[in-house]
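# Examination of the molecular architecture
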Amino acid sequence: MPWIQLRLSANEDNAEKYSDWLTACGSQAVTFLDAKDTPIYEPLPGDEVIYWSNTVVMGLFEASHDMDKVIHYLQGIHPDKEQMQYKLEQLEDKDWEREWMDNFHPMKFGQRLWICPSWRDVPDPDAVNVMLDPGLAFGTGTHPTTALCLTWLDGLDLQDKTVVDFGCGSGILSIAALKLGAKKVIAIDIDPQALQASLANAERNNVSDRLELYLPKDQPKFKADVVVANILAGPLRELAPTIIEFVGDKGLLALSGVLEEQAQTLQEIYGQWCDMAPISVQEEWVRLNGQRK
Ligand SMILES: C[S@@+](CC[C@H](N)C(=O)[O-])C[C@H]1O[C@@H](n2cnc3c(N)ncnc32)[C@H](O)[C@@H]1O
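Reference entry: report on the structure contained in this document. Just so you know, these numbers come straight off a predicted model, no measurement behind them. (Residues numbered from 1 in each chain as written. Predicted model: local features only at pLDDT ≥ 70, side-chain atom pairs only at ≥ 80, totals over all residues. Heavy atoms only, no water.)

This part takes up the pairing of strand β9 (residues 184-188). Among the 5 residues of β9, 4 are classified as buried, and the element is accordingly described as predominantly covered. One ladder, built from 5 bridges, connects strand β8 (residues 162-166) with β9; its direction is parallel. Bridge assignment links T162 to a residue of β9, and that residue is K184. Regarding topology, helix α5 (residues 172-179) serves as the crossover connection from β8 to the parallel β9, and that connection is right-handed. Pairing geometry for β9 and strand β10 (residues 211-214), over 4 bridges, is parallel. The residue bridging I188 from the neighbouring strand is Y214, located in β10. (Buried < 20%, exposed > 50% of the residue type's maximum accessible area, 1.4 Å probe, protein only. Helix = DSSP H or I, 4+ residues; strand = E, 2+ residues; numbered from the N terminus. Pairing = 2+ DSSP bridges. Right-handed = clockwise from strand over helix to strand, strands pointing away.)

Laid out in structure tokens, this is it:
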């Protein structure tokens, strides 16, 4: 499948923020090209030459993504619209495939949980280890929105609980829940590649017999003890009645993918059905938690 890569000129101070913007615009993966490593952008054959004085943040989008809308949005929030240096280019899978692999290392979340790239050794064999290869799907644990959910799951007693993972991506949260003791997880994603990656990761972790995967159009009616949804604020708002239908009586809910300034509105929406707890913050991102009334 062809992809579109957007390169955005940044510096050490704003690169993380630009990365979050690209994620918020629907980028499937964001990587950095450090000016210290590559001081001048290497043009592709036939490209006009653009010299990057600093870090470049690169977002990967599906070829069908509306890039005019993305550029318009970025220019709207960029501190100096005229100075925003960017470049769009079409890529084939092979051009970026596995580019991030070298930078993905085992990471610990909470007290017990490790996310380990499937091609590396586990640092602690006695811990709860999720062996992961996200492929093209979102979810390695490196993003704060995922990290907030992993830490939350680690802090729960999931023994024999049922879980719904809405927007499962690589399956990282589903598999973490299963390895932490959940008896069954229902995972839903609009992206068929995410469902494929989730299944492959579940098999890699020997938990596929307890994982059910669905596209939204096929999702079953189900009441879970725990529901986690790491999608962006827009879908969380629009899909609130759907997501809440999955939360059983006194069930627990975590919503992630939300920027701090978006939290209040979502607290009010989900507060109709849940007792909402104070938000948890990591960088600019927050996790909302509630318990079904
Ligand atoms: C930010 S990623 C989260 C992936 C993973 N759960 C994690 O925590 O890292 C959001 C995922 O939600 C999916 N998604 C977006 N909108 C959706 C919708 N309306 N219904 C179901 N899944 C959706 C995307 O395809 C993507 O895989």
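Spatial strand order, β5-β6-β7: 3 strands in an open sheet with mixed pairing. Two strands close off the open sheet at either side, each with one partner strand: β5 (107-109) and β7 (128-132). Across the sheet, the mean angle from the axis of one strand to that of its neighbour is 25°, orientation sign disregarded. Bridge analysis of strand β6 (residues 113-117) against β7 gives 5 bridges, and the strand direction is parallel. (Axes fitted to C-alpha atoms, helices over the stretch in contact; angles between N-to-C directions.)

Any functional reading would require information that these geometric values do not contain.
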